[in-house]
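Structural features, examined
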Amino acid sequence: MTFHIPLAATLAAAFLITVSGCAVTRGQESVGAYVDDTAITTAVKSRYVENKDVDASSIRVETLNGTVMLSGFAKDRTEKTTAETLAWKVNGVKAVRNEIAIRP
């Protein structure tokens, strides 16, 4: 009988660790959505680094449930538009909110 109490405690602890380890961040619906959003953000940033018309260090990219939010500063309207166009070309993007400000 004394064997059952430690076994039950161990199983309960393992269950609680497993359940809490799957916690979702940023209010998203699933861990898969978080992984997808991270992949989208990374892909958008990579396109900015590869493109000579966009200053990747001046534009911030965040993704939530497939919606990409762009913020930061662009040197002109062309850079702002190019950044948005590149974001739309990434697989999994459902919407783009372009809040990039143009430097005067």
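Parameters and conventions
- Residues numbered from 1 in each chain as written.
- Predicted model: local features only at pLDDT ≥ 70, side-chain atom pairs only at ≥ 80, totals over all residues.
- Heavy atoms only, no water.
- Helix = DSSP H or I, 4+ residues; strand = E, 2+ residues; numbered from the N terminus.
- Buried < 20%, exposed > 50% of the residue type's maximum accessible area, 1.4 Å probe, protein only.
- Contact = heavy atoms within 4.5 Å.
- Areas by Shrake-Rupley, 256 points an atom, 1.4 Å probe, with all protein chains shown as cover.
- Core = buried A, V, L, I, M, F, W, Y, C linked by side-chain atoms within 4.5 Å.
- Polar contact = N/O pair within 3.5 Å; in protein donor to acceptor, adjacent residues only side chain to side chain.
- Pairing = 2+ DSSP bridges.
- Axes fitted to C-alpha atoms, helices over the stretch in contact; angles between N-to-C directions.
- pLDDT = per-residue confidence, 0-100.
- Expected span 1.5 Å × (residues − 1).
- Arc of directions from axis to C-beta.
- Salt bridge = Lys/Arg side-chain N within 4 Å of Asp/Glu carboxyl O.
- Patch = residues over 30% accessible without salt bridge, like charges linked within 9 Å, V, L, I, M, F, W, Y side chains within 5 Å.

Further remarks concern the overall build of the chain. The helix and strand tally for the chain stands at three helices and three strands. Looking at the chain as a whole, 28% of its 104 residues are labelled buried. Considering only intrachain contacts with a sequence separation of at least 6, the fraction spanning at least 24 residues in the chain is 58%. For the chain, the computed accessible surface area is about 7100 Å², with 61% contributed by carbon and sulfur atoms.

Ranked by internal contacts, the top residues of the largest apolar core, which has 16 residues, are Val44, Tyr48, Val68, Leu70, Ala83 and Ala87. Of all the elements in the fold, those that place two or more residues in this core are α2 (31-50), β1 (59-64), β2 (67-74), α3 (77-88) and β3 (95-102).

Position of Asn98 among the secondary structure elements: in strand β3. A polar side-chain atom of Asn98 sits 3.1 Å from the main-chain amide nitrogen of Ile100. Other than its neighbours up to four places away in sequence, Asn98 contacts Leu70, Lys80 and Glu84.

This next bit is on the sheet that holds β3. Across the sheet, which stays open at both edges, the three strands sit in the order β1-β2-β3 with mixed pairing between neighbours. In the strand order of this sheet, the two ends are held by β1 and β3, each with one partner. Strand-to-strand twist of the sheet, defined as the mean angle between neighbouring strand axes without regard to direction, takes the value 10°. The pairing of β1 with β2 spans six bridges and is classified as antiparallel. By the bridge assignment, Glu62 is partnered in β2 with Met69. In the packing of α2 onto the sheet, contacts are made with β1 and β2, and the angle to β1 comes to roughly 155°.

Here we come to the pairing of β1. Residues Ile59, Val61 and Thr63 point to one face of β1 and are all buried, whereas Arg60, Glu62 and Leu64, pointing to the other face, are not buried. Hairpin connection from β1 to β2: two residues lie between these consecutive antiparallel strands, with Asn65 at a positive phi of about 55°.

Attention now moves to the confidence of the model for the chain. Chain-level statistics for the chain give a pLDDT mean of 83 and a share of 72% at 70 or above. Contacts of residues 19-25 to residues separated by more than four positions or lying in other chains number five contacts, the stretch itself having pLDDT below 50.

To continue, consider α3. The terminal C-alpha atoms of α3, which comprises twelve residues, lie 17 Å apart, in line with the 16 Å expected from a rise of 1.5 Å per residue. Considered for burial, the residues of α3 that qualify are Glu79, Lys80, Thr82, Ala83, Leu86 and Ala87. In a view along the axis of α3, the buried residues occupy a sector of 165°, so they form one face of it. The outward face of α3, more than 90 degrees from its buried face, is lined by the exposed residues Arg77 and Thr78.

A few words on the pattern of salt bridges. Side-chain pairs of opposite charge can arise whenever the charged atoms involved come near each other. Inspection of every chain in the model, using the stated rule, returns three salt bridges. With its nearest N and O atoms 3.1 Å apart, the salt bridge here joins Arg60 to Glu62.

Among the surface-exposed residues, Val31, Tyr34 and Val35 lie close enough to one another that they form a single nonpolar patch of about 250 Å² accessible area. As for its position among the elements, Val35 is in helix α2.

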